[in-house]
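The residues making up each chain are set out below.
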Amino acid sequence: MAAKAPEAPPAAPAAASGSLSADDIRKQLLELVEDRTGYPQDMLDLNQHIEADLGIDSIKRVEIVGALIKALPASVTDGNSGLSDELNGQTTLQGMIDLVSGQGAVAAASNQ
């Protein structure tokens with residue numbers, strides 16, 4: 001019996017185009033949380049505390065943040081070496097979405 005190959009993380013929907021909406025980020029983040037924790041997406045509330053309410057420990061959080069950063073377009077992550085630390089400092093999933101959405105807006109403004 002052959003060993004199952006690890007699944008690749010889902011690609012960000014807008015990564016190819018470089019544009020990213022808050023809804024794109026939300027979908028990607030919820031997929032990653034579901035994949036890493038087993039929680040169904042419909043059971044996740046974006047405003048729940050990541051550790052206290054969802055029980056996501058620091059190791060899982062680092063995995064989720066790392067996978068999210070890999071899935072983001074370069075226009076959001078380039079030039080922001082502290083994004084990982086900032087995302088890990090957020091207490092809710094909504095905080096993560098807001099932070100990445102803001103980064104995308106900053107990147108778009110600097111490209112004009």
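K.L.:
Please explain the overall build of the protein as it appears in this structure.
P.N.:
The number of helices and strands found in the protein is five helices and zero strands. Element order for the protein, N to C, with α for helix and β for strand: α-α-α-α-α. The buried share of the protein, taken over its 112 residues, is 33%. Long-range pairs, those at least 24 residues apart, make up 58% of the contacts in the protein with a sequence separation of at least 6. Summed over all atoms, the accessible surface of the protein reaches about 6,500 Å², with 52% contributed by carbon and sulfur.

K.L.:
Before we go on, may I ask you to explain the pattern of salt bridges in this structure?
P.N.:
Across all of its chains, the model carries five salt bridges by this definition. A salt bridge links Arg61 to Glu51, with the nearest nitrogen and oxygen atoms 3.1 Å apart. Taken as a pair, Arg61 in helix α2 (residues 58-71) and Glu51 in the loop between α1 (22-37) and α2 lie far apart in primary sequence, 10 residues in all. When its relative accessible area of 8% is taken as the criterion, Arg61 is described as buried. In this structure Glu51 comes out as partly exposed when scored by relative accessible area, which is 42%. Residues Glu63 and Lys60 are paired through a salt bridge, measuring 3.7 Å at the closest nitrogen-oxygen approach.

K.L.:
Explain α2 to me, please; I cannot follow it from the model alone.
P.N.:
Along an α-helix, residues three or four positions apart point the same way, because every turn accommodates 3.6 residues. When the terminal C-alpha atoms of α2 are compared, their 20 Å separation across 14 residues agrees well with the 20 Å that a helix rising 1.5 Å per residue should span. Inspection of α2 places Arg61, Ile64, Val65, Ala67, Leu68 and Ala71 among the buried residues, and these make up the whole buried set. What you see down the axis of α2 is that its buried residues fit within an arc of 165°, all on one side. Away from its buried face, by an angle of more than 90 degrees, α2 presents the exposed residues Ile59 and Lys70.

K.L.:
Would you mind going over the nonpolar core with me for this structure?
P.N.:
Across soluble globular proteins, nonpolar side chains show a tendency to be buried alongside one another. Judged by nonpolar contacts, the single largest core of 23 residues is most densely connected at Leu29, Val33, Leu68, Leu87, Leu93, Met96 and Val100. Counting residues per element, the ones that place at least two in this core are α1, α2, α4 (83-88) and α5 (93-110). Residues within four places of Leu87 in sequence aside, it is in contact with Arg61, Val65, Leu68, Ile69, Met96, Leu99 and Val100.

K.L.:
Looking at this structure, I do not really get the environment of Lys60. What am I missing?
P.N.:
By the element assignment, Lys60 lies in helix α2. Judged by relative accessible area, Lys60 falls into the partly exposed class, the value being 30%.

Rules and cut-offs
- Residues numbered from 1 in each chain as written.
- Predicted model: local features only at pLDDT ≥ 70, side-chain atom pairs only at ≥ 80, totals over all residues.
- Heavy atoms only, no water.
- Helix = DSSP H or I, 4+ residues; strand = E, 2+ residues; numbered from the N terminus.
- Buried < 20%, exposed > 50% of the residue type's maximum accessible area, 1.4 Å probe, protein only.
- Contact = heavy atoms within 4.5 Å.
- Areas by Shrake-Rupley, 256 points an atom, 1.4 Å probe, with all protein chains shown as cover.
- Salt bridge = Lys/Arg side-chain N within 4 Å of Asp/Glu carboxyl O.
- Expected span 1.5 Å × (residues − 1).
- Arc of directions from axis to C-beta.
- Core = buried A, V, L, I, M, F, W, Y, C linked by side-chain atoms within 4.5 Å.

Distances and angles like these do not, on their own, reveal function.
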